[in-house]
Each structure stands twice: as structure tokens, then as C-alpha cells.
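# Observations on the three-dimensional arrangement
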Amino acid sequence: MDAVVFQGDHDVAVEEVDEPEIEHPNDVLIDITTTCICGSDLHMYEGRTAAEPGIVFGHENMGIVTEVGEGVSDLEEGDRVVAPFNVACGFCENCENGYTGFCTNVNPGFAGGAYGYVAMGPYKGGQAEKLRIPYADFNALQLPDGDEHEDSFSLLADIFPTGWHGTELANLQPGESIAVYGAGPVGLMAAYSAKLKGASKIYSVDRVPSRLDLAEEHCDAIPINFEESDPVEQIKDDHGGGVDRGVDAVGYQAIDPDKEADDDYDPARENPAIVLNNLIRTVKPTGELGIPGLYVPDDPGAPDEMAAEGRLGIDFGLLFEKGQRLGTGQCNVKEYNRQLRDMIIEGRADPSFVVSHRVGLEEAPEMYQRFDDREEGVTKVLLEP
Ligand SMILES: NC(=O)c1ccc[n+]([C@@H]2O[C@H](COP(=O)([O-])OP(=O)(O)OC[C@H]3O[C@@H](n4cnc5c(N)ncnc54)[C@H](O)[C@@H]3O)[C@@H](O)[C@H]2O)c1
Ligand SMILES: [Zn+2]
Ligand SMILES: [Zn+2]
């Protein structure tokens with residue numbers, strides 16, 4: 001079958017790979033109907049992780065069940081399902097407590113597994129024609145038959161729950177104000193979640209005009225372009241004293257507008273602590289910070305030696321002085337995906353505004369490059385094998 005295979009720095013190709021097979025009675029196989037490219041894939045694509053060539057990418061997967069292991073009780077051939085990007089067992093202590101992003105059974109020596117991702121276990125990605133889902137009763141969320149809401153449902157694998165998770169980590173309550181750094185797919189989903197939860201004021205910070213436009217139009221957010229002037233000052237000018245809550249939907253490859261380079265996405269423009277420090281300044285004393293944006297303990301392309309080991313110059317003194325709290329980590333997708341699915345089915349939520357492209361698998365190499373360039377108008381790319 002065809003699959004998107006990592007070749008090395010800024011290079012993916014569609015190649016022929018072995019089809020998955022049932023490896024354990026609890027597995028199912030699915031034919032992929034939609035699989036998405038994620039900002040998390042870009043960290044690997046740009047050579048900013050320990051990922052080796054040969055990985056089949058794709059952790060945001062949905063499709064139709066084609067084969068069912070003997071131990072699976074709740075799924076049948078023909079079922080339409082979406083899989084959380086986390087692979088989880090369902091019965092370890094972390095899974096039992098709802099922390100399925102930190103399952104201790106699926107990736108020996110590590111807490112947490114995922115499809116098609118460096119260090120997240122042996123699970124092949126779903127940017128391919130077929131996928132094996134382990135512990136399938138636990139990991140496959142069933143969807144209504146047919147092809148309705150295909151775009152929105154595909155976002156249940158990661159970014160809609162992850163954006164929601166950002167607001168949960170920040171403990172956002174109805175009527176509160178929030179600033180979301182990053183208006184990529186995850187940041188837009190965080191701002192949209194804040195709107196669904198009844199935030200009184202939402203700020204969306206980025207530099208890509210088309211992304212800020214989406215935040216304004218669909219999330220009722222106030223757009224803040226951080227290349228124009230200090231985003232913290234812009235927010236405080238509008239909302240003195242700072243906002244109640246903040247979300248980092250950018251991660252370690254954050255751009256520092258005070259640094260220059262020929263290419264906007266040159267690592268020379270990065271400052272991995274800038275968003276965290278901006279959040280500490282933006283959020284009021286005793287406020288809370290949700291950090292779904294990714295940080296890594298090893299960054300081969302880091303701008304300095306400390307950052308190469310994931311050590312960042314965070315203004316911890318100011319955080320302490322302001323009595324702020326923060327939450328981090330992979331999203332536990334299963335914590336939210338059922339309820340968010342039902343909001344989509346009942347017409348209470350429509351996250352599909354974030355989808356800019358739906359293309360065939362063969363266009364993946366071109367779309368990786370355009371998404372990586374944060375080209376105007378390229379927001380969320382869905383692949384249809
Ligand atoms: N915790 C999780 O479970 C989880 C899940 C999915 C994605 N992620 C992470 O979330 C982050 C965002 O993912 P995405 O798909 O939206 O990717 P993305 O790279 O498209 O979005 C990042 C956005 O941040 C903007 N940005 C860069 N520097 C900034 C700054 N200083 N201030 C404000 N905005 C800035 C960029 O212009 C871009 O639009 C990535 O780090 C990704 O790995 C985490
Ligand atoms: Zn993702
Ligand atoms: Zn587990």
C-alpha cells in the first residue's frame with residue numbers, strides 16, 4: 001500500500017510499504033478515509049527531533065473497520081471510527097485515571113504512545129491506505145455511518161481535543177478572559193473551545209494574517225499580530241491588568257520578532273522560551289497557563305546548547321511572584337473526544353472552519369512543504385488516501 005514516509009530533513013515521499021496485519025486479538029484494521037498533517041509532524045519534518053528516516057507519519061486517523069481481531073467485542077467490519085493520536089491500553093494506572101496520553105503499557109520505558117511519531121512506540125502512522133489500531137475497543141471511537149461531518153470528525157483524533165485540553169489545563173471558566181498564543185490549527189481549536197465554553201474575551205496571537213482572520217471570524221477572538229509590536233503590551237492596552245488564563249499553542253519552535261534571518265522559519269529566528277515568558281507577563285497574578293504546545297528534551301537543531309537539552313530561560317521568579325500555575329503535556333484525547341463528537345453531531349460545534357485543504361495522499365510532499373512554510377491560507381491539511 002502507499003504511505004507517507006519520512007526521508008530526512010524537510011523531505012517526505014509517498015512509498016510502497018507493507019500492509020498492516022492483525023498482530024494481537026485486540027487489534028482492528030481500518031481503511032483510512034481521512035488522515036491529517038499536524039504541526040507536531042513538522043517538528044520531525046524539520047529535523048528538530050530524533051526521528052530517523054523510514055517512519056510512516058500520521059497520528060490523526062479515521063476510517064472504516066475492515067478486519068476485527070478475535071478479542072475485540074465492540075467493533076465490527078464496516079464501522080466508521082476515529083482513533084485518538086494516543087495509543088493507550090485502558091487498564092494501567094494512568095489510563096484508569098484518565099491520563100491516556102501517559103499510558104505505561106504501550107511503549108516500554110516511556111509513558112505514552114502514538115501512531116507514526118518518534119519515541120512514541122512501534123505504531124505505524126496512518127498517512128497511508130490502512131492502519132492497525134491496537135486495544136481497539138478502547139482506542140476506536142465510533143462515529144455515525146456515512147460521510148457526514150468527515151472533516152470535523154477527523155479533527156477529533158487530535159487538534160479539537162488538544163485545543164480544548166489547553167483551556168482545561170488553564171482551568172478556563174465561563175465569563176473569564178483568555179489569551180491564546182499561536183493561531184495554527186491547535187491555537188484556533190483552543191480559541192474556539194474558549195468560545196464554546198463562554199469566555200468573555202479571547203485574544204489570539206500569531207503573525208500569519210489568514211490564521212488571525214479565522215480566529216476573529218470563527219472564534220470571536222481579538223487578533224494580535226506579534227510582528228507589529230509586543231503582544232503583551234497590545235493585550236494589556238486593551239485589557240489592563242492581564243487576562244485570567246493563557247494557552248501556549250506554539251511550543252519550542254517559537255519565533256522571536258526581535259531576531260532576524262532571511263527566512264522567517266529559520267531556527268535563527270527562534271527563542272524557545274518566548275511564548276512561555278510572554279504568557280507569564282500576559283496572565284494576571286494567580287492566573288493559570290495551559291501548555292499543549294510541544295517542548296522536547298532533545299532538540300538537534302536548537303538555537304543554543306541549553307535549548308538542545310530542553311532547558312529554557314523561563315522567568316520563573318516572575319511566575320512565582322505572580323502565584324501562577326501551569327499545566328503541560330500531551331492531550332489525553334479520550335478524556336474529551338466522545339463529548340466533542342456529540343457536540344458536532346448535535347450541531348453545537350463545527351471545528352471544520354480550520355480545514356483549508358483536502359487532497360490525495362500523493363500530494364502529501366507538496367502539502368508538507370506549504371504547511372511548513374505557514375503559507376497564507378494553508379491551515380489544516382487533510383489527506384484522503
Ligand atoms: N500537547 C499535545 O497533545 C499536542 C497535540 C498536537 C499538537 N501539539 C503541538 O501544538 C503546537 C501547535 O501545533 P499546530 O498544528 O497548531 O502547528 P503550527 O506550527 O501550524 O502552529 C504554530 C503557530 O504559532 C505561530 N507562532 C510562532 N511563533 C509565535 C510566537 N512567538 N507567538 C505567537 N505565535 C507564534 C506560528 O506562526 C504558527 O501559526 C505544536 O508545537 C504541536 O507540536 C501538541
Ligand atoms: Zn497532531
Ligand atoms: Zn494504559
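Residues numbered from 1 in each chain as written. Chains lettered and ligands numbered in written order. Predicted model: local features only at pLDDT ≥ 70, side-chain atom pairs only at ≥ 80, totals over all residues. Heavy atoms only, no water.

### Focus: the overall build of the protein
Helix and strand content of the protein: 13 helices and 17 strands. Taken against the 2.2 N^0.38 rule, which gives 21 Å for 385 residues, the C-alpha radius of gyration of the protein at 20 Å falls within 12% of a compact globule. A principal-axis box enclosing the C-alpha atoms of the protein has dimensions of 60 × 45 × 40 Å. Taking the contacts inside the protein whose residues are at least 6 apart along the sequence as the reference set, 71% of them involve residues at least 24 apart. Averaged over its 27 positive side-chain charges, the protein has a centre that lies 7 Å from the centre of its 74 negative ones. (Helix = DSSP H or I, 4+ residues; strand = E, 2+ residues; numbered from the N terminus. Rg over C-alpha atoms; globule rule 2.2 N^0.38 Å. Contact = heavy atoms within 4.5 Å. Lys, Arg positive; Asp, Glu negative; His and termini not counted. Charge placed at Lys NZ, Arg CZ, Asp CG, Glu CD.)

### Comments concerning the domain arrangement of the protein
Domain annotation of the protein identifies domain 1 (2-158 + 332-384) and domain 2 (159-328). The centre of domain 1, based on its C-alpha atoms, is set 25 Å off from the matching centre of domain 2. Taken together, the contacts link 34 residues of domain 1 with 31 residues of domain 2. Interface area for domain 1 against domain 2, summed over the two sides, is near 2800 Å², with a carbon-plus-sulfur share of 62%. The largest contributions to the domain 1 side of the interface with domain 2 come from Arg48, Tyr336 and Phe353, which together make up 30% of the buried area. Run the count over domain 1 and domain 2 and you get 2 salt bridges. For Asp299, the salt bridge goes to Arg48, with nearest N and O atoms at 2.8 Å. (Domains from an automatic or database assignment. Buried area = accessible area lost by both parts, 1.4 Å probe. Salt bridge = Lys/Arg side-chain N within 4 Å of Asp/Glu carboxyl O.)

### A word on the coordination of the zinc ion (ligand 2)
Within the protein, Cys38 (SG), His59 (NE2), Glu60 (OE) and Asp158 (OD) serve as the donor atoms for the zinc ion (ligand 2), at 1.9 to 2.3 Å. What the 4 donor atoms of the zinc ion (ligand 2) show is an angle range of 94 to 125° at the metal, which sorts the shape as tetrahedral. Each donor residue of the zinc ion (ligand 2) lies on the same chain, and together they follow the pattern C-x20-H-E-x97-D. Among the residues examined, His59 registers a relative accessible area of 3% and is labelled buried. (Donors = N, O, S within 2.8 Å, 3.2 Å for Na, K, Ca; no water. Tetrahedral: all angles 85-135°; square planar, octahedral: opposite > 155°, others 65-115°. Buried < 20%, exposed > 50% of the residue type's maximum accessible area, 1.4 Å probe, protein only.)

### Considering the nonpolar core
Core analysis: the largest hydrophobic core is formed by 69 residues, its most contacted members being Leu156, Phe160, Ile178, Phe353, Val354, Tyr368 and Leu383. The biggest single contributor to this core is helix H6 (residues 185-196), with 7 residues. Counting the residues that make up this core, at least three belong to each of domain 1 (2-158 + 332-384) and domain 2 (159-328). Setting aside its immediate chain neighbours within four residues, Leu156 contacts Val82, Leu141, Leu143, Pro161, Val333, Asn337, Leu340, Arg341 and Ile344. (Core = buried A, V, L, I, M, F, W, Y, C linked by side-chain atoms within 4.5 Å.)

### Some points on the packing of aromatic side chains
A complete count under the given rule lists 6 aromatic pairs for this structure. Look at Phe6 and Phe57: their rings are 5.2 Å apart centre to centre, the planes differ by 20°, and that puts the pair in the stacked class. One end of the pair, Phe6, is in strand E1 (residues 2-8); the other, Phe57, is in the loop between helix H1 (39-45) and strand E4 (61-68), and 51 residues separate them in sequence. Residue Phe6 shares its accessibility class with Phe57, and that shared class is buried. (Phe/Tyr/Trp six-rings, centres within 6.5 Å; stacked < 30°, edge-to-face > 60°.)

### Quick look at the site of ligand 1
The immediate surroundings of ligand 1 are formed by 33 residues, with Ser40, Asp206, Arg211, Cys331 and Arg374 found nearest. At 2.7 Å, a side-chain N or O of Ser40 approaches an oxygen atom of ligand 1. Contact between ligand 1 and Asp206: an oxygen atom at 2.7 Å from a side-chain N or O atom of the residue. Protein chains bury 98% of the 870 Å² of accessible surface belonging to ligand 1 in isolation. (Near = heavy atom within 4 Å. Polar contact = N/O pair within 3.5 Å; in protein donor to acceptor, adjacent residues only side chain to side chain. Areas by Shrake-Rupley, 256 points an atom, 1.4 Å probe, with all protein chains shown as cover.)

### Here we look at helix H7 (residues 209-219)
Taken residue by residue, H7 has Ser210, Arg211, Leu212, Leu214, Ala215 and Cys219 as its buried positions. Positive backbone phi, at 55°, marks Asp220, one or two positions downstream of H7.

### Considerations on the pattern of salt bridges
Under the counting rule described, the total for this entry stands at 28 salt bridges. We note a salt bridge from Glu227 to Arg207, for which the minimum N-O separation is 2.6 Å. Of this pair, Glu227 sits in the loop between strand E12 (222-225) and helix H8 (231-238) while Arg207 is found in the loop between strand E11 (201-206) and H7, placing the two residues 20 residues apart along the sequence. Judged by its relative accessible area of 29%, Glu227 falls in the partly exposed class. Taking the relative accessible area as the measure of exposure, Arg207 reaches 15% and is therefore buried. Of the charged contacts in the structure, one is a salt bridge between Arg370 and Glu366, with a shortest N-O distance of 3.3 Å. Of this pair, Arg370 and Glu366 both sit in helix H13 (residues 364-372), separated by 4 residues, roughly a single helical turn. With a relative accessible area of 40%, Glu366 lands in the partly exposed category.

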